[in-house]
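# Reading the structure
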Amino acid sequence: MDLAHELHDLVRTLDRWAEQMLRPEGLTYNQYVALVILGQHPGITGRTLSKSLGVTEAAGSGIVKALLADDLITNGATPGSGNRRELRLTSAGEDKSAHCAQLLGHSLDDNARAIGIDPNSLASTIRDLHDEVRTIRTPATSQPTDAPQAQENS
C-alpha cells in the first residue's frame, strides 16, 4: 500500500463527494472554497483568490461573478481602481459558508469515528505530515537558491 496514492485517491473521492453535497446548496466546490478563503482573508483581490484556488484568472473571474450574482460576496473596490476587486463575504455568504462547512466537515468526522479514528488526532497528524512535506520537498526541476548557476557558453 502506497501512502501518497491512498491520500491522493482519498482527496479525489472527497472532492467528488463535496461536489455532490454542495450541488443542492447551489455551489461548486471551488465556489465554496472561495467563500472559505474570503472569510479568512476579507478584501483580497480576484487575482489573489484565483491563485489561492489554483485556477486561472479567467476561471477565478467566473467564480467571482457567480458569487456576486448570488449576493454571497461584494466588491468593495473604490471607484477608479480599474478591474481590481476587494472581495468580501456578505452576511448571506457567511451563513452559506458556515452551513456548507457543517455539511462537509461533520460527515467526514463521522466517517472517521465510525472506524475508530479520532478526527481531531487524524487532522493533526495530516497537518504535521503536510507541513513536513512542504518543508522538505522542492520541485525536481528547481535548484536550491544557494546552488551555483550554470554558465551559458557564448
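Everything here concerns the structure above.
Just so it is clear, the structure is predicted and the values come from calculations on it, not from any experiment.

Cut-offs and rules
Residues numbered from 1 in each chain as written. Predicted model: local features only at pLDDT ≥ 70, side-chain atom pairs only at ≥ 80, totals over all residues. Heavy atoms only, no water. 1 Å grid on protein atoms, 1.4 Å probe; cavity = no way out; pocket = protein on both sides within 12 Å on 5 of 7 lines; lining within 4 Å. Points joined across faces, edges and corners; volume = space filled by probe spheres on them. Helix = DSSP H or I, 4+ residues; strand = E, 2+ residues; numbered from the N terminus. Nonpolar A, V, L, I, M, F, W, Y, C, P; charged D, E, K, R; others polar. Axes fitted to C-alpha atoms, helices over the stretch in contact; angles between N-to-C directions. Parallel < 35°, antiparallel > 145°, perpendicular 65-115°, else oblique. Contact = heavy atoms within 4.5 Å. Left-handed = near helix turned anticlockwise from the far one by under 90°.

Turning our attention to the layout of surface pockets. Here the largest pocket is characterised by a volume of approximately 1700 Å³. Elements that contribute at least two residues to the lining of the largest pocket include exactly helix H1 (3-22), helix H2 (29-40), helix H5 (91-114) and helix H6 (119-136). For the lining of the largest pocket, the leading source of residues is H1, giving 11 residues. For the lining of the largest pocket, a count of residues per class yields 25 nonpolar, 5 polar and 5 charged.

Further remarks concern the packing of H1 against H2. Packing of H1 against H2 brings their axes to within 9 Å, and their N-to-C directions diverge by 85°. Taken together, the axes of H1 and H2 are roughly perpendicular relative to one another. Contacts between H1 and H2 pair Asp 15, Ala 18, Glu 19 and Leu 22 from the former with Tyr 29, Asn 30 and Tyr 32 from the latter. Each residue belonging to the contact of H1 with H2 can be placed in one class, and the counts come to 4 nonpolar, 1 polar and 2 charged.

Their axes nearest at 10 Å, the elements H1 and H5 cross at an angle of 135°. Regarding the angle of H1 to H5, the classification is oblique. In the crossing of H1 with H5, the sense of the turn from one axis to the other is right-handed. Residues Leu 14, Trp 17, Ala 18, Met 21 and Leu 22 of H1 form the contact with H5, whose participating residues are Cys 100, Leu 103, Leu 104, Ser 107 and Leu 108. Of the residues contributing to the contact of H1 with H5, the split by class is 9 nonpolar, 1 polar and no charged.

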